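Listed below, chain by chain, are the residues.
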Amino acid sequence: MTDVDQDLDAIGRQYRQLKAPPTLAAQVRDGAAKTARPPAFGLAVGLAAGVVASVTAVLTVALWMQPDKASIPTMTEIARAMPERPNVSVPGLGNIRLPDRPALPKPEQPPLDDNNLPPATDEAGTTALPSTDAKEKNA
Amino acid sequence: MANEDASDDELVRRFQRGDALAFDALVRRHQDRLYRLASVWLIDRSRAEDATQEVFLRAYRGLPRFRFRAQPFTWLYRTARLVCNEMNRQRRFEPMPTELPAAGTTADNAADAQLALAHVRSLVADLPPRQREVVLLRIFEECSVRETAMAMGCREGTVKALLNKARTQLAGRLNE
């Protein structure tokens, strides 16, 4: 053994006299007892975290999907969008097809007579005056 | 077989089966060695007790899932290094204490042990990190070459080579 080895050996022997405090094992035991959780603790924490995450997700989706007021259709738009002959479900009777919506009356037009005839045009595009001969024939 | 005579692996297996006394035996077996290593590694060596305690608390939480791919001491050693590194990072931003608390030694040898500890710290301070580890484990903690290699995660030949280099440097320091 060289001098260096002997020196290191001597230093090592003194160094190894350094011991951990005698209370350390007891402190570790106390700390471990505090660390230990009941088996259900992890389950309870997991469940609580899951509930919080679910509620947050639902709220987020609900807020994201909430329509803004500008996109709410008016009653007129709904009426226009409805089919002409909607099917209506009646309990016990099933789907009933509603009758056709009555057609709106057309604006009244004056009856056609000779005085109301539209002006006739000849091939040249000029308006021809009613013939007096025709009036006489009708009379 | 009593806990004191059982191997580390056996103690961990007993602890995994719910034997708290086996864990106590593991603590008593390794606490001095880990405490000394923490005293060398930590910038503030007064926190060696806290570090050792933290290592065993992590062991208490982690050993139930231990799969025996390494020796329990290797696991404890690496955890101790990790804990000391974490504490050193925190300590850089805090003022250092001026007075060292008494260690767990008796009054007769306390002064010698503290002196030796200071000597060891100064000897290994200038060594490269890997050589420092080899010297601490192989020379001062008297671990076998195999234990040292497993703790450091290298081959036994690497341990021997690092030890030779370190001895040369230490010889220079001791002869100054």
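Note that the structure is a prediction, hence the values are computed from the model and not measured.

Draft legend 1. Here's a closer look at the overall build of chain A. Within chain A, the regular secondary structure consists of five helices and two strands. Listing the helices and strands of chain A from first to last along the sequence gives α-α-α-α-β-β-α.

Draft legend 2. Geometry of the overall build of chain B. A count of helical and extended segments in chain B gives eight helices and zero strands. When the elements of chain B are put in sequence order from the N terminus, they spell out α-α-α-α-α-α-α-α. Relative to its 176 residues, chain B shows a buried fraction of 38%. A sequence separation of at least 24 residues applies to 55% of the contacts in chain B between residues at least 6 apart.

Draft legend 3. Inspection of the interface of chain A and chain B at higher detail. The interface is formed by 21 residues belonging to chain A together with 31 residues belonging to chain B. Of the residues forming the side of chain A that touches chain B, the biggest block, eight residues, is contributed by helix α2 (residues 24-35) of chain A. Classifying every residue of the side of chain A that touches chain B by side-chain character gives twelve nonpolar, six polar and three charged.

Draft legend 4. Fine view of unusual backbone geometry. Residue and element names in this part refer to chain B. With phi around 60 degrees, Phe68 is a residue other than glycine that occupies positive phi space. Relative to the elements of secondary structure, Phe68 occurs in the loop between α3 (48-62) and α4 (72-91). For Phe68, a count of 12 C-beta atoms within 10 Å puts it in the exposed group. A positive phi angle, close to 55 degrees, is found at Glu142, a residue other than glycine. Along the polypeptide, Glu142 turns up in the loop between α6 (129-140) and α7 (145-152). Glu142 sits in the partly exposed class, given 14 other C-beta atoms within 10 Å.

Draft legend 5. Quick look at the nonpolar core. Counting residues in hydrophobic clusters, the biggest one holds 55 residues, and the most contacted among them are Tyr15 of chain A together with Ala38, Ala51, Val55, Ala80, Val120 and Val135 of chain B. If you tally residues by element for this core, the top one is helix α2 (residues 20-41) of chain B, at eleven residues. Apart from residues no more than four positions distant in its own chain, Ala80 of chain B is found in contact with Leu34, Leu37, Ala38, Ala51 and Val55 of chain B.

Draft legend 6. Summary view of helix α1 (residues 8-16) of chain B. Residues and elements named next belong to chain B. Buried residues of α1: Leu11, Val12 and Phe15, and no others. Buried residues of α1, viewed axially, fall in a sector of 100 degrees; they line one side. With its phi angle positive at about 105 degrees, Gly18 sits one or two positions after the end of α1.

Draft legend 7. Up close: the packing of α2 of chain A against α3 of chain B. In contact at an axis separation of 9 Å, α2 of chain A and α3 of chain B are set at 45 degrees when each is read in the N-to-C sense. Judged by the angle between their axes, α2 of chain A and α3 of chain B are oblique. The interaxial crossing formed by α2 of chain A with α3 of chain B has right-handed handedness. Side by side, α2 of chain A and α3 of chain B meet where Leu24, Gln27, Val28, Gly31, Ala32 and Thr35 of chain A of the first sit next to Glu49, Thr52, Gln53, Phe56, Leu57, Tyr60 and Arg61 of chain B of the second. In terms of residue class, the contact of α2 of chain A with α3 of chain B is made up of six nonpolar, five polar and two charged.

Draft legend 8. Quick look at the environment of Arg45 of chain B. Relative to the assigned elements, Arg45 of chain B resides in the loop between α2 and α3. When the C-alpha atoms of Arg45 of chain B and Cys84 of chain B are compared, they prove to be 9.9 Å apart, with 39 residues separating the residues in sequence.

Draft legend 9. The confidence of the model for chain A, seen in detail. Here chain A averages 74 in pLDDT, and 59% of its residues register 70 or above. Of all helices and strands in chain A, the one with the weakest mean pLDDT is helix α5 (residues 132-138) of chain A (56), whereas helix α1 (residues 3-15) of chain A scores best (87).

Draft legend 10. Just the packing of α6 of chain B against helix α8 (residues 156-175) of chain B, in detail. All names here are of chain B. With their axes 9 Å apart at the nearest point, α6 and α8 run at an angle of 95 degrees to one another. Comparing their axes, α8 and α6 come out roughly perpendicular. Contacts from Arg130, Gln131, Val134, Val135 and Arg138 of α6 reach α8 at Val159, Leu162, Leu163, Lys165, Ala166 and Leu170. For the contact of α6 with α8, the per-class residue count stands at seven nonpolar, one polar and three charged.

Draft legend 11. The arrangement of the pairing of strand β1 (residues 87-90) of chain A in detail. Residues and elements named next belong to chain A. Summarising the sheet, β1 and strand β2 (residues 94-97) pair through four bridges and their orientation is antiparallel. In the strand pairing of β2, Asn87 is matched with Arg97. Connecting β1 to the next strand, β2, in antiparallel fashion are three residues, including Gly92 with a positive phi near 90 degrees.

Draft legend 12. Structural detail: the environment of Leu63 of chain B. All names here are of chain B. Relative to the assigned elements, Leu63 resides in the loop between α3 and α4. Residue Leu63 is classed as buried on the basis of its C-beta count, with 20 C-beta atoms lying within 10 Å. For Leu63 and Leu76, which are 13 residues apart along the polypeptide, the C-alpha to C-alpha distance reads 9.8 Å. In contact with Leu63, other than residues within four places in its own chain, are Val12 and Phe15.

Draft legend 13. Focus on the confidence of the model for chain B. Chain-level pLDDT for chain B is 87 on average; 90% of the residues reach the 70-or-more range. Predicted as a complex, the structure gets a pTM of 0.63 and an ipTM equal to 0.83.

Rules behind the numbers
- Residues numbered from 1 in each chain as written.
- Chains lettered and ligands numbered in written order.
- Predicted model: local features only at pLDDT ≥ 70, side-chain atom pairs only at ≥ 80, totals over all residues.
- Helix = DSSP H or I, 4+ residues; strand = E, 2+ residues; numbered from the N terminus.
- Buried ≥ 20, exposed ≤ 12 C-beta atoms within 10 Å, placed from the backbone.
- Contact = placed C-beta atoms within 7 Å.
- Nonpolar A, V, L, I, M, F, W, Y, C, P; charged D, E, K, R; others polar.
- Core = buried A, V, L, I, M, F, W, Y, C linked by C-beta atoms within 7 Å.
- Arc of directions from axis to C-beta.
- Axes fitted to C-alpha atoms, helices over the stretch in contact; angles between N-to-C directions.
- Parallel < 35°, antiparallel > 145°, perpendicular 65-115°, else oblique.
- Left-handed = near helix turned anticlockwise from the far one by under 90°.
- pLDDT = per-residue confidence, 0-100.
- Pairing = 2+ DSSP bridges.

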